[in-house]
Amino acid sequence: MAEARDGPMQIDVMILGREYRVTCRDNEREELQRAVAHLDTRMREIRDAGKVSGVDRIAVMAALNIANDLLRERKEPPARRGAATTSSVDAPDAQRRIKAMQAAIDKALAPQERLF
């Protein structure tokens, strides 16, 4: 049986059908795989909604959505964290902010589209 390593190692992960090589410690591998699965799910949801095209834009939108979720959770009182539901993420204010972020991303990335 191989001894567990605590040093950095490279592993291949799949996100939205693309393979990426990332470095992590063996004791962080399970957490990394959960993060990859979460990111892949979020990116697929955005892609399948059909409003955003291009892997770069999908990745940025997923990152913004995940960051928004994290900041909202940090802001929420500890007593309410256990009672949070998915519906709180779809609040009208969050939807408005996400649309504003999408518009800002579209505007920032528009000049790059001419390169392809």
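Up top is the structure.
The following paragraphs examine the structure supplied in this document. Fair warning: this is a prediction, and the values are worked out from it, not measured in the lab. Along each chain, numbering runs from 1 in the same order as the chain's sequence is written. The predicted origin of the model limits local features to residues at a pLDDT of at least 70 and limits the giving and counting of side-chain atom pairs to 80 or more, whereas totals for whole chains, interfaces and linings rest on all residues. To obtain the side-chain values, all non-hydrogen atoms of the structure were used and water was disregarded.

1. Concerning the overall build of the protein
Alright, step 1. Of regular secondary structure, the protein possesses five helices and two strands.
Alright, step 2. Helices and strands appear in the protein in the N-to-C order β-β-α-α-α-α-α.
Alright, step 3. Residue exposure (1.4 Å probe, protein chains only): buried if accessible area is under 20% of the type maximum, exposed if over 50%, otherwise partly exposed. A buried classification covers 21% of the 116 residues belonging to the protein.
Alright, step 4. Whether two residues are in contact is decided by their heavy atoms: any pair within 4.5 Å suffices. In the protein, 35% of the contacts between residues at least 6 apart in sequence involve partners at least 24 apart. Only DSSP runs of H or I covering at least 4 residues are called helices, and only runs of E covering at least 2 are called strands; the numbering of each starts at the N terminus.

2. Here's the deal with the pattern of salt bridges
Alright, step 1. The term salt bridge refers to a pairing of a side-chain nitrogen on Lys or Arg with a carboxyl oxygen on Asp or Glu at a separation within 4 Å. Scanning the entire structure with this criterion turns up six salt bridges.
Alright, step 2. The partner of R34 in a salt bridge is E30, and the shortest N-O contact between them spans 3.1 Å. Taken as a pair, R34 and E30 lie in helix α1 (residues 29-49) at a separation of four residues, close to a single helical turn.
Alright, step 3. You can call E30 exposed: its relative accessible area is 58%.
Alright, step 4. Residue D40 pairs with R44 through a salt bridge whose shortest N-O separation is 2.8 Å. With D40 and R44 both in helix α1 and four residues apart, this pair spans about one turn of that helix.
Alright, step 5. What makes D40 buried here is its relative accessible area of 14%.
Alright, step 6. Each of R42, E45 and D69 takes part in one network of salt bridges that share partners.

3. Description of unusual backbone geometry
Alright, step 1. You will see that L16, though not glycine, has its phi angle at about 50°, which is positive.
Alright, step 2. Tracing the chain through its elements places L16 in the loop between β1 (8-15) and β2 (18-25).
Alright, step 3. Look at L16 and you get buried, because its relative accessible area is 12%.

4. What to know about the nonpolar core
Alright, step 1. Here, nonpolar core means buried Ala, Val, Leu, Ile, Met, Phe, Trp, Tyr and Cys residues that are tied together by side-chain atoms lying within 4.5 Å of each other. The biggest cluster of nonpolar side chains holds 16 residues, and the ones touching the most others in it are I15, M43, I46, I58 and M61.
Alright, step 2. Sorting the residues of this core by element identifies β1, α1, α2 (55-75) and α5 (92-113) as the ones contributing at least two each.
Alright, step 3. No other element matches β1, which puts four residues into this core.
Alright, step 4. Once you skip the residues sitting within four places of it in the chain, I15 turns out to touch Y20, V36, L39, D40 and M43.

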